[in-house]
Amino acid sequence: SSNRTGSSPLIFILTSIPGLPMSSYWMALPLCCLYLLMLLGNCTLLWVIKTDHSLHTPMYYLLSMLAMADLGLSLSTLPTMLAIFWFESTSLRFEACIVQMYFIHSFSAIESGVLVAMAFDRFVAICYPLRYASVLTSSLIMKAGGMIFMRGICVVLPVAILIKKMPFCRSRVLSHSFCLHQDMLRLVCGDVRVNSLYGLTAVILTKGLDSLTILLSYTMIIRAILNIVSQEAQAKAFSTCISHLSAVLIFYIPLIGLSIIHRFGKHLPPLTHTLLADAYLLVPPVLNPLVYSWKTKQIRRRILILLCRRRT
């Protein structure tokens, strides 16, 4: 068995939402609206931060990185999802599937890293407010962003290289409308122990360590907030963390749920797997700019000013 039979390329078959006809315009239309909302929200966020010099601070630089990671994550799934629901095109070549898988997992790791950096930002702002400006400089944020980006690229690259060498001789029907490593791995007919071990290691080194770091940061943040005497000051300090906490929950809850059902939920209906995977990849990029625009006064005020100018 090999990745090619004669001269014909290896083709994977993507799956739409179970129970729906392949050409489902009433499903394609909401998907298009979600992608448009994602593009509008994240691009607006990036534009507002770029044009408003008062927002050129470490917190908003990190927010820009989060918006770029969200854009990359959503745009990685856009071609195949819309192709399925608009054009009934379910086939995808092996090489294209690997590229899509690589970008999905890379941007996911990058977003996880950015959430860690934002947690550190909140930790310094609340626990060491007088040292905030000297610790979190723009130079440090740029270096941290570069390291987060390189980690996402380098950690996921061996995953793509390893699976490219594997033989596929079973059914080539994937479970989702896009390519994920776990989904492709179950179609391999060779020994997948190395692939599985490295995939697990990559998850532990990225999202596993990241989630523990965020948990540790908020443990220390909560302790610092509880030591504040004034209840009004406590509420004000905690309110600065709500947007980031929302982003963390929006990202990690579908991720953890998807990981659990991939390993222990094989008896669950296919629709459960599909909806969790879609939520993991589509919900954070749509909700993050809405949450930050609603909870951050500077961004909300800037957007309102822009809207008022356009009306006049």
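What counts as what
Residues numbered from 1 in each chain as written. Predicted model: local features only at pLDDT ≥ 70, side-chain atom pairs only at ≥ 80, totals over all residues. Heavy atoms only, no water. Disulfide = S-S within 2.5 Å. Helix = DSSP H or I, 4+ residues; strand = E, 2+ residues; numbered from the N terminus. Buried < 20%, exposed > 50% of the residue type's maximum accessible area, 1.4 Å probe, protein only. Core = buried A, V, L, I, M, F, W, Y, C linked by side-chain atoms within 4.5 Å. Expected span 1.5 Å × (residues − 1). Bend = angle between axes of the 7 residues up to and from the residue. Contact = heavy atoms within 4.5 Å. UniProt positions renumbered as here; feature names shortened; annotations may be inferred. Axes fitted to C-alpha atoms, helices over the stretch in contact; angles between N-to-C directions. Left-handed = near helix turned anticlockwise from the far one by under 90°. Nonpolar A, V, L, I, M, F, W, Y, C, P; charged D, E, K, R; others polar. Patch = residues over 30% accessible without salt bridge, like charges linked within 9 Å, V, L, I, M, F, W, Y side chains within 5 Å. Areas by Shrake-Rupley, 256 points an atom, 1.4 Å probe, with all protein chains shown as cover. Salt bridge = Lys/Arg side-chain N within 4 Å of Asp/Glu carboxyl O. Lys, Arg positive; Asp, Glu negative; His and termini not counted. Charge placed at Lys NZ, Arg CZ, Asp CG, Glu CD.

1. What about the state of the cysteines?
Argument step 1. Applying the stated rule across the entire model yields one disulfide.
Argument step 2. Residue pairing for Cys 97: its cysteine sulfur links by disulfide to Cys 179, the two sulfurs lying 1.9 Å apart. Judged by the sign of its S-S torsion, about -115°, the bond between Cys 97 and Cys 179 is left-handed. Note that Cys 97 is positioned in helix α3 (residues 94-127) and Cys 179 in the loop between α5 (138-164) and α6 (181-185), a separation of 82 residues in sequence.
Argument step 3. On the accessibility criterion, Cys 97 (0% relative accessible area) is buried.
Argument step 4. With no disulfide of its own, Cys 127 has Cys 241 as its nearest cysteine by sulfur position, at a separation of 8.9 Å.

2. Quick word on the nonpolar core
Argument step 1. Membership of the largest hydrophobic core comes to 83 residues, with the highest contact counts inside it found for Phe 12, Leu 63, Leu 115, Phe 168 and Met 184.
Argument step 2. Within the residue set of this core, elements represented by two or more residues are α1 (25-51), α2 (58-87), α3, α5, α6, α7 (193-226), α8 (231-264) and α9 (270-295).
Argument step 3. Considering every element that reaches this core, the biggest residue donor is α3, with 16 residues.

3. As for α2
Argument step 1. Over its 30 residues, α2 runs 43 Å from end to end, which matches the ideal 44 Å to within 8%, given 1.5 Å per residue.
Argument step 2. Of all bends in α2, the biggest is about 40°, found at Leu 78, and the proline Pro 79 comes one to four residues later.
Argument step 3. α2 sits mainly inside the fold: 23 of its 30 residues count as buried.
Argument step 4. One or two residues past the end of α2 sits Glu 88, with phi positive at roughly 55°.

4. Overview of the environment of Tyr 102
Argument step 1. Its place among the elements puts Tyr 102 in helix α3.
Argument step 2. Take Tyr 102: its relative accessible area is 14%, and that puts it in the buried class.
Argument step 3. Distance in space between the C-alpha atoms of Tyr 102 and Ile 141 is 25 Å, their sequence separation being 39 residues.
Argument step 4. Once you skip the residues sitting within four places of it in the chain, Tyr 102 turns out to touch Ile 153, Val 156, Leu 157 and Ala 160.

5. As for the side chain of Asn 195
Argument step 1. Relative to the helices and strands, Asn 195 is located in helix α7.
Argument step 2. With sequence-adjacent residues up to four places away left out, Asn 195 is seen in contact with Leu 162, Ile 163, Met 166, His 181 and Leu 185.

6. What about the UniProt feature "transmembrane region" (unreviewed entry) in the protein chain?
Argument step 1. Mapped onto the present numbering, the UniProt feature "transmembrane region" (unreviewed entry) falls on residues 25-49, 61-87, 99-120, 140-163, 241-261 and 273-292.
Argument step 2. Segment residues 61-87 splits into 100% helix and 0% strand. End C-alpha atoms: 39 Å apart.
Argument step 3. Helix makes up 100% of residues 241-261 and strand 0%. Its end C-alpha atoms lie 30 Å apart.

7. A short note on the packing of α3 against α9
Argument step 1. For the pair α3 and α9, the least separation of the axes is 12 Å and the interaxial angle reads 35°. In this structure, the crossing between α3 and α9 has a hand that is left-handed. Only Tyr 280, Leu 281, Pro 284, Asn 288 and Tyr 292 of α9 make contact with α3, whose side of the interface consists of Ile 104, Ser 108, Glu 111 and Met 118.
Argument step 2. Within the contact of α3 with α9, the residues separate by chemical class into six nonpolar, two polar and one charged.

8. Side note on the environment of Gly 208
Argument step 1. For Gly 208, the position within the fold is in helix α7.
Argument step 2. For Gly 208, a relative accessible area of 25% puts it in the partly exposed group.
Argument step 3. As for Gly 208 and Gln 231, which are separated by 23 residues in sequence, their C-alpha atoms are 34 Å apart.

9. A closer look at a positive patch on the surface
Argument step 1. Together, Lys 236, Lys 297, Arg 300 and Arg 301 make up a positively charged patch on the protein surface.
Argument step 2. Per-element tally for the positive patch: the top contributor is helix α10 (residues 297-311), with three residues.
Argument step 3. The residue Lys 297 is located in helix α10 in this model.

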